[in-house]
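Chain by chain, the residues run as shown.
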Amino acid sequence: LTGMAFRVPTPDVSVVDLTCRLEKSATMDEISEAIKAAGDAGMKGVLGFTDQEVVSTDFVSCKYSSIFDKSAGIALTDKF
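Model, not experiment: these values are computed from the prediction.

Cut-offs used in this document
Residues numbered from 1 in each chain as written. Predicted model: local features only at pLDDT ≥ 70, side-chain atom pairs only at ≥ 80, totals over all residues. Heavy atoms only, no water. Patch = residues over 30% accessible without salt bridge, like charges linked within 9 Å, V, L, I, M, F, W, Y side chains within 5 Å. Areas by Shrake-Rupley, 256 points an atom, 1.4 Å probe, with all protein chains shown as cover. Salt bridge = Lys/Arg side-chain N within 4 Å of Asp/Glu carboxyl O. Helix = DSSP H or I, 4+ residues; strand = E, 2+ residues; numbered from the N terminus. Buried < 20%, exposed > 50% of the residue type's maximum accessible area, 1.4 Å probe, protein only.

1. As for a nonpolar patch on the surface
Thought 1: Together, Ile 74, Leu 76 and Phe 80 line one region of the surface with nonpolar side chains, adding up to about 340 Å² of accessible area.
Thought 2: Tracing the chain through its elements places Ile 74 in the segment after strand E4 (66-69).
Thought 3: Here Ile 74 falls in the exposed class, since its relative accessible area comes to 69%.

Dropping the structure here:
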């Protein structure tokens, strides 16, 4: 597991680049659906999900602590 965070030109938005090596194979769609389901259940109100084209200013004053941007996700293989 590795990742990085960097500042974007807004007062209350940041970006995290998270990289994972999976133990079990999963497609990007399966990962996205699992994250979306978590945001609709146990992490409701904390974890958001978007599949829209967005920019940093779209998240100014957003109520979620974290938002998964499906369109920004990249799967290199089914485990990485």
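2. Quick look at the environment of Ile 31
Thought 1: Take Ile 31: it is sitting in helix H1 (residues 28-40).
Thought 2: For the pair formed by Ile 31 and Val 15, sequence separation is 16 residues and the distance between their alpha carbons is 19 Å.

3. Some remarks on the pattern of salt bridges
Opposite charge on two side chains makes pairing possible when the charged atoms of those side chains draw close.
Thought 1: Under the criterion given, the structure shown has one salt bridge.
Thought 2: Between Lys 70 and Asp 29 there is a salt bridge, and its shortest N-O distance comes to 3.3 Å. In this pair, Lys 70 is assigned in the segment after E4 and Asp 29 in helix H1, connecting sequence segments 41 residues apart.
Thought 3: What makes Lys 70 partly exposed here is its relative accessible area of 27%.
Thought 4: A relative accessible area of 48% means that Asp 29 is categorised as partly exposed.

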